[in-house]
Amino acid sequence: MTKQDVGVEKLSFYTPSYSIDIHELAIARNMPPEKWEKGLGQQQMSVITPHEDIVTMAYEAALDILTVEDRSHIGLLLFATETGIDFSKAAGIYLHELLKLSPSCRVLEVKQACYAATGSLQLACDFVRSNPDKKALVVSSDIAWYGFKSAGEVTQGCGSIAMLVSNQPNVCSVEQGQVYTENVPDFYRPSFSEVPFVDGKMSIKSYLSLLKKVFKPSSLDYFCFHMPFATMGDKANKALGDEQIPAERLEWSKEFGKLVGNIYNGSLYLSLLSLIAYADTSLAGKQIGMFSYGSGAIGEFFKLQINKNYKQAALVGLVQERILNRRALSFNEYEELWTIFSEREGAVQYSPVASYQSPSLRIALEKVENGHRSYRLINDD
Ligand code: HMG
């Protein structure tokens, strides 16, 4: 690791404690289960609870990785989301207060569909390159909601990634990438709509087209792809022709996403965590090719170099436990929870119902009053 190295010092992931089984959802929707289980490769998906939103999920992930000292060094907080709760005020302002960051920390919400987390990570690395004594916090937090009985319903999910970016990149060093931007109407959510407008086939075509435009062959051993569903990773790998990696290595990066679903901005970094958790060999010193895609559309291909202490610094044990310990919801409970979410997002006033508050929560959405949110810390360390 040279002195100029910049990248991810610590990494964590949070997802709510409830999930729905894809097989059960398929039966309830009168769909052949193998279409969603084999065709899209999904097994479960996380479901948002009445006490949680993009701010609480981001807080949970960030709390895992930040010491008091880290907080005093953070000069930039970038909050990547396409599940915004306000057109004006950045969700990161709430998070900044909850994490007790310095008043001199700059806070921005960043949006470009599922690409904003990668754009933010690259901007954060540039910030650290020009301010080597400072750190940046990048969070992605999203709730993917397409609506009941929509083609995208099986690709829902929710979760948050937190990355502390500094010149001590214990997880991985981050290289600058190749970017391609193009106006494509494949997936967008205009301000009047609760759910996105999606042309699924166009989105897959655009994803693969941008991948081919930004990919640079360099005989890499591992790839992580943005994976709204697991077989999107297979399509992407196959599109790389002679440069593709053996299917088994790709499987490692798919495991967490199969269980959590699409978390939009965090999906690529969930693949990285999955690879770290499941690879049967040490990744230290390895280079990983990362492909980020955000509809609308931007594609970026960049490389990570994995560093020596990556396993501890990426908190994979905690993340795995969190994913594997979720409680399975019945189909009726699943519909109840998404209905509460759908109704509350446009509500002027809201107070969460008492049920579904997981005992492990360290923060809860307390209420929405005149559209403004307040949060309650439950177990502040
Ligand atoms: P669909 O029409 O429900 O499914 O849409 P399909 O008919 O295309 O079938 C899916 C696969 O299942 C196909 O495999 C079928 O052959 C197979 P493929 O040919 O593609 O390899 N299949 C079966 N397999 C086994 N047994 C069976 C069976 N039947 C069919 N019985 C779609 C699927 C993903 C398009 C839909 O769910 C959707 O619109 N999802 C949302 C959009 C999306 O995820 N797009 C991905 C690329 S864009 C992106 O990643 C950006 C995004 O994250 C947003 C952002 O950037 O913010 C989405």
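Residues numbered from 1 in each chain as written. Predicted model: local features only at pLDDT ≥ 70, side-chain atom pairs only at ≥ 80, totals over all residues. Heavy atoms only, no water.

Undergrad: Which parts of the structure should I look at to understand the site of the ligand?
TA: Surrounding the ligand, one finds 26 residues, the nearest of these being Glu82, Cys114, Ala151, Lys201 and Lys235. Between an oxygen atom of the ligand and a side-chain N or O atom of Glu82, the distance comes to 2.5 Å. Counting residues per element, the ones that place at least two in the shell around the ligand are helix 2 (33-39), helix 7 (200-214) and strand 13 (287-294). No other element matches helix 7, which puts five residues into the shell around the ligand. Grouping the constituent residues of the shell around the ligand by class yields twelve nonpolar, nine polar and five charged. (Near = heavy atom within 4 Å. Polar contact = N/O pair within 3.5 Å; in protein donor to acceptor, adjacent residues only side chain to side chain. Helix = DSSP H or I, 4+ residues; strand = E, 2+ residues; numbered from the N terminus. Nonpolar A, V, L, I, M, F, W, Y, C, P; charged D, E, K, R; others polar.)

Undergrad: Please clarify how helix 6 (residues 116-130) should be interpreted in this entry.
TA: One turn of an α-helix holds 3.6 residues; hence residues three or four places apart share an orientation. Along its 15 residues, helix 6 runs 21 Å from first to last C-alpha, staying within 8% of the 21 Å computed at 1.5 Å per residue. In terms of burial, helix 6 is a largely internal element, eleven of the 15 residues being buried. Taken together, the buried positions of helix 6 are Ala116, Ala117, Thr118, Gly119, Ser120, Leu121, Gln122, Ala124, Cys125, Phe127 and Val128. (Expected span 1.5 Å × (residues − 1). Buried < 20%, exposed > 50% of the residue type's maximum accessible area, 1.4 Å probe, protein only.)

Undergrad: When you look at the packing of aromatic side chains in this model, what are you seeing that I'm missing?
TA: Within a pair of aromatic rings, the relevant descriptors are the distance that separates the centres and the angle that separates the planes. Evaluated as defined, the whole model comprises 19 aromatic pairs. Where Trp338 meets Phe341, the ring centres are 5.5 Å apart and the plane angle is 85°; that geometry is what we call edge-to-face. Linking Trp338 with Phe341, this pair stays in helix 13 (residues 331-345), spanning three residues, or about one helical turn. Each member of the pair, Trp338 as well as Phe341, carries the same accessibility label: buried. Between the NZ or CZ atom of Lys89 and the centre of the ring of Tyr94, over which it lies, the distance is 4.6 Å. In this arrangement the basic side chain of Lys213 is found over the ring face of Tyr180, its NZ or CZ atom lying 5.0 Å from the centre. (Phe/Tyr/Trp six-rings, centres within 6.5 Å; stacked < 30°, edge-to-face > 60°. Lys NZ or Arg CZ within 6 Å of the ring centre and 35° of its normal.)

Undergrad: What is the right way to read the nonpolar core from this model?
TA: Soluble globular proteins: nonpolar side chains tend toward being buried together. Membership of the largest hydrophobic core comes to 76 residues, with the highest contact counts inside it found for Leu137 and Phe225. Per-element tally for this core: the top contributor is helix 3 (residues 54-65), with nine residues. What Phe225 contacts, discounting residues up to four positions off in sequence, is Tyr207, Leu211, Gly233, Ala236, Asn237, Leu240, Leu250, Leu268, Ser271 and Phe291. Of all hydrophobic cores here, the second largest spans 50 residues; its members include Leu11, Ala80, Tyr222 and Ala279. (Core = buried A, V, L, I, M, F, W, Y, C linked by side-chain atoms within 4.5 Å. Contact = heavy atoms within 4.5 Å.)

Undergrad: Sorry, what's going on with the sheet that holds strand 2 (residues 18-21) here?
TA: Remark on secondary structure: sheet strands pair via backbone hydrogen bonds, oriented parallel or antiparallel. With respect to topology, three strands assemble into an open sheet ordered 3-2-15, the strand pairing being mixed. If you trace the sheet from one side to the other, it starts and ends with strand 3 (44-46) and strand 15 (327-328), each paired once. Two elements, strand 2 and strand 15, share two bridges in a ladder whose sense is parallel. Looking at the pairing, Ser19 lines up with Ala328 of strand 15. (Pairing = 2+ DSSP bridges.)

Undergrad: Would you mind going over the environment of Ile340 with me for this structure?
TA: Secondary-structure assignment places Ile340 in helix 13. When its relative accessible area of 18% is taken as the criterion, Ile340 is described as buried. For the pair Ile340 and Asp280, spaced 60 residues apart in sequence, the C-alpha to C-alpha distance is 41 Å. Look past the residues within four positions of Ile340 in its chain and what remains in contact with it is Pro50, Tyr350 and Val353.

Undergrad: In this structure, what is going on with unusual backbone geometry? I would like to understand it.
TA: Comment: phi is negative for the bulk of residues other than glycine, and the bulk of peptide bonds are trans. Cis geometry marks the peptide bond from Gly296 to Ala297, where omega comes out at 10°. Tracing the sequence through the fold places Ala297 in the loop between strand 13 and strand 14 (298-306). One non-glycine residue, Lys100, lies in the positive phi region at around 55°. Residue placement: Lys100 occurs in the loop between helix 5 (91-98) and strand 5 (106-110).

Undergrad: Before we go on, may I ask you to explain the pattern of salt bridges in this structure?
TA: Oppositely charged side chains can pair when the atoms bearing their charge come close. All chains considered together, the criterion is met by 20 salt bridges. Among the ionic pairs, Glu9 bridges to Lys135, the shortest N-O distance being 2.9 Å. With Glu9 in strand 1 (residues 7-14) and Lys135 in strand 6 (residues 135-144), the pair connects residues that are 126 residues apart, well separated along the chain. Side by side, Glu9 and Lys135 carry an identical accessibility label, which is buried. Ionic pairing is found between Lys10 and Asp70, a salt bridge with its closest N-O pair at 2.6 Å. With Lys10 in strand 1 and Asp70 in helix 4 (residues 68-73), the pair connects residues that are 60 residues apart, well separated along the chain. One exposure class covers both Lys10 and Asp70, and it is buried. By sharing partners, the salt bridges in this structure join Asp234, Glu251, Lys254, Glu255 and Lys258 into a single network. (Salt bridge = Lys/Arg side-chain N within 4 Å of Asp/Glu carboxyl O.)

Undergrad: Looking at this structure, I do not really get the packing of helix 9 (residues 247-260) against helix 10 (residues 267-278). What am I missing?
TA: Two packed helices can be described by the angle between their axes and the distance between those axes. Where helix 9 contacts helix 10, the two axes come as close as 7 Å, and the packing angle between them is 120°. Taken together, helix 9 and helix 10 sit at an angle that is classed as oblique. Judged by the sense of rotation from one axis to the other, the crossing of helix 9 with helix 10 is right-handed. Contacts from Arg249, Trp252, Ser253, Lys254, Glu255, Phe256, Gly257 and Val260 in helix 9 reach Leu270, Ser271, Leu273, Ser274, Leu275, Ala277 and Tyr278 in helix 10. (Axes fitted to C-alpha atoms, helices over the stretch in contact; angles between N-to-C directions. Parallel < 35°, antiparallel > 145°, perpendicular 65-115°, else oblique. Left-handed = near helix turned anticlockwise from the far one by under 90°.)

Undergrad: Quick question: what am I supposed to make of the side chain of Ser253 here?
TA: Along the chain, Ser253 falls in helix 9. Looking at Ser253, the relative accessible area reads 2%, which means it is buried. Within the local environment of Ser253, its side chain forms a polar contact with the backbone oxygen of Leu250, the two atoms lying 2.7 Å apart. Residue contacts for Ser253: discarding those within four places in its chain leaves Phe223, Cys224, Met227, Ser271, Ser274 and Leu275.

By themselves, these observations are geometric and do not establish any function.
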